[in-house]
Amino acid sequence: MKTFYWLIKREFWEHRGGFLWAPVVTGGIFLLLNVMAIITAEVLSAKHGVRIGGNDIQMMMRHADAGDWAQVGAAADVAMISSMGMIGIVMGIVVLFYCLGSLYDDRRDRSILFWKSLPISNTNTVLSKVVSAALLAPAIAVVVSIVCGLLQLLIFSIVLSFHGINVWQLLMLSHPLRAVASLLSNVPLYALWALPAIGWLMLCSSGARSKPFLWAVAVPVLLGLLVSWFGIMGLFNESSTWFWANIVQRALLSVFPGSNLVFDKHSMLNTGNLDDNDPLSVLSPVHTYGLLASPNLWIGVLAGAVLIAGAIWFRRVRDDS
Amino acid sequence: MNAVVTANGLTKAYKNALALNDVSFRIESGRIVGLIGPNGAGKTTALKAILGLTDFKGELNVLGLDPRTQRDQLMEQVCFIADVAVLPRWIRVREAIDFVANVHPRFNRAKCEAFLARTKLTPNQRVKQMSKGMIVQLHLALVMAIDARLLVLDEPTLGLDILYRKQFYQSLLEDYFDENKTIIVTTHQVEEIEHILTDLMFIRDGKIVLDADMDAVGERFAEVLVSADKAAAARSMKPLDERQVFGKSIFLFDGADRATLESMGEVRRPTVSDLFVATMKGTYA
């Protein structure tokens with residue numbers, strides 16, 4: 001257990017740039033863009049003599065009913081979780097390239113000979129990299145998004161307080177704790193959903209003698225083209241789109257958080273009754289964990305496990321360094 | 001004596017070549033063995049087999065374990081340095097020590113730090129900022145702090161200047177080696193290690209062509225400086241090798257009678273490199 005902890009720590013040391021600094025910088029840019037937008041809005045409104053704040057808003061607030069308040073709270077919640085979108089895409093890219101390099105880079109620079117001179121099993125080495133990609137990277141990304149969301153909320157509050165609006169009243173309307181809990185609850189789900197892609201990318205990383213990226217992309221895409229060309233899926237009464245969506249995209253793009261919303265119809269099953277005034281419900285476990293009912297998810301997990309076992313086998317037998 | 005490594009019929013074939021061809025040998029505890037051979041002779045393959053880094057046919061027993069199936073256990077007792085450039089470039093001195101200290105049960109942190117204190121390395125320095133010599137200092141500090149029974153060195157001083165090379169072997173002898181440890185080393189810089197070796201193994205085309213301890217080598221092989229008038233007589237005794245120096249001939253004999261040799265000229269012990277060159281004649285032809 002201690003060894004495994006240090007293996008994860010090693011991955012973090014090596015990939016601090018991708019795991020930590022990439023989300024932090026993305027979050028920083030996100031906040032900067034927001035601040036610039038606020039400044040632009042303020043300057044424009046001042047120029048045109050439009051008074052957004054002041055007495056008008058205070059008057060509006062006096063006349064607002066419960067529904068309006070809920071909408072204000074919803075807006076604050078959106079501010080809280082919106083940075084996750086940008087950070088999520090960056091994290092997906094980081095995880096994709098991390099997996100592709102994870103079992104290849106040390107063979108190329110021959111540092112595998114150092115790692116293999118230590119009493120660490122190949123299984124533990126590979127699993128530590130799986131855990132880093134499936135749990136560590138998204139957990140860090142989520143924590144960074146949360147910090148970013150809180151800063152975002154703080155910035156809005158400060159700006160609004162210049163317009164004479166009571167900050168605390170506004171913050172009381174939002175649900176920061178629920179937002180944090182919802183974001184965190186998606187990390188394990190992401191791990192399960194991303195597993196086939198992580199497994200496939202790491203298998204390529206472990207097995208390829210050179211250019212793992214080419215293998216990872218070319219094999220599924222060529223298979224897809226063959227399937228489309230010969231209409232093989234017709235044998236199973238499915239269109240070749242099925243193959244592209246369920247094999248090619250799952251093998252490559254599942255590392256992007258939220259990709260399950262696009263690829264899996266079960267993910268959207270429960271979203272029909274979403275409350276417009278409650279944007280957090282998109283992320284709420286009540287909805288997202290509906291994915292657990294999807295065979296797509298569990299077949300993917302199984303495929304991921306097989307692919308990871310293959311990566312471990314390659315890690316043991318490849319001696320090209 | 002107890003054997004550290006026992007190989008029986010060790011064979012390893014790559015696609016188009018036989019890297020190890022039915023090799024058998026035995027390495028005892030407390031020895032420093034030089035495994036010496038020309039490029040592509042199978043040295044590295046033999047070491048890889050011992051370390052469980054490659055598959056092979058035949059029997060191989062290292063410290064009572066099978067390196068193919070019991071690698072994880074084996075690596076607690078075995079250390080290796082495979083030339084200088086294998087430490088990951090991103091790692092810092094501090095991180096390397098922390099990592100090894102926490103994953104290796106036989107690592108002695110104080111010993112490692114004491115060794116590093118004698119170098120210019122600083123805890124925050126990354127491997128990519130170091131010279132080759134400094135990298136090998138760090139690697140050696142890590143390895144020497146591990147109480148292992150077998151140390152395998154594959155060209156450990158390749159590309160180092162002579163100061164680092166001397167220091168490397170000196171540290172090994174003074175601070176590391178004792179009768180409970182065994183060192184297997186391959187290198188092309190034979191003359192630098194010949195005085196520290198206790199055993200010599202020559203490997204050529206996947207076969208062991210010489211396997212003897214250094215005392216036996218001194219008794220078996222002799223070099224004689226013969227003047228021109230006696231050269232024909234010496235030549236008739238089937239020397240391994242002949243070369244000319246200052247109008248005299250130097251003959252290298254394997255197992256020839258001492259008294260006869262002494263009657264022909266000055267007899268001395270051949271250097272390992274001369275012996276190597278004579279044994280490997282025609283390898284690349």
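Please refer to the structure higher up on the page.
Below: a short report on this structure.

Cut-offs used in this document
Residues numbered from 1 in each chain as written. Chains lettered and ligands numbered in written order. Predicted model: local features only at pLDDT ≥ 70, side-chain atom pairs only at ≥ 80, totals over all residues. Pairing = 2+ DSSP bridges. Helix = DSSP H or I, 4+ residues; strand = E, 2+ residues; numbered from the N terminus. Axes fitted to C-alpha atoms, helices over the stretch in contact; angles between N-to-C directions. Contact = placed C-beta atoms within 7 Å. Buried ≥ 20, exposed ≤ 12 C-beta atoms within 10 Å, placed from the backbone. Core = buried A, V, L, I, M, F, W, Y, C linked by C-beta atoms within 7 Å. Domains from an automatic or database assignment.

Looking at the sheet that holds strand β5 (residues 78-82) of chain B
Residues and elements named next belong to chain B.
Then comes step 1: Read from one edge of the open sheet, six strands run β5-β6-β7-β3-β8-β9, paired in mixed fashion. A single partner strand is all that each edge strand has here, and the edge strands are β5 and β9 (207-213). Across the sheet, the axes of successive neighbouring strands diverge by a mean angle of 15°, strand direction being ignored.
Then comes step 2: Bridge analysis of strand β3 (residues 32-36) against strand β8 (residues 199-204) gives four bridges, and the strand direction is parallel. Counterpart to I36 in the pairing with β8 is F202.
Then comes step 3: Across the face of the sheet, helix α1 (residues 43-50) comes into contact with β3, β6 (150-154), β7 (182-186) and β8 while running at roughly 150° to β6.

Comments concerning the environment of A:V95
Residue and element names in this part refer to chain A.
Then comes step 1: Examined against the element boundaries, V95 turns out to sit in helix α5 (residues 83-102).
Then comes step 2: Residue V95 is classed as buried on the basis of its 29 C-beta neighbours within 10 Å.
Then comes step 3: Taking the C-alpha atoms as reference points, V95 and G85, 10 residues apart in sequence, are found 15 Å from one another.
Then comes step 4: Apart from residues lying up to four places away in sequence, V95 is in contact with A133, A137 and V255.

Quick look at the nonpolar core
Residues and elements named next belong to chain B.
Then comes step 1: Core analysis: the largest hydrophobic core is formed by 92 residues, its most contacted members being I50, V78, F80, A141, L151, V152 and I184.
Then comes step 2: At eight residues, the largest contribution of residues to this core is made by helix α5 (residues 132-144).
Then comes step 3: Counting contributing residues, this core receives three or more from each of domain 1 (3-205) and domain 2 (217-279).
Then comes step 4: Not counting chain neighbours up to four residues away, the residues in contact with I184 comprise I27, V33, L35, L47, V152 and L153.

A short note on the pairing of β8(B)
Residues and elements named next belong to chain B.
Then comes step 1: Among the six residues of β8, five are classified as buried, and the element is accordingly described as predominantly covered.
Then comes step 2: In the sheet, β8 pairs with β9 via six bridges, with the strands oriented antiparallel. Note that in β9 the partner of L200 across the bridge is A212.
Then comes step 3: A loop of two residues connects β8 with β9, the two strands running antiparallel in sequence, and D205 in this loop sits at a positive phi of about 50°.

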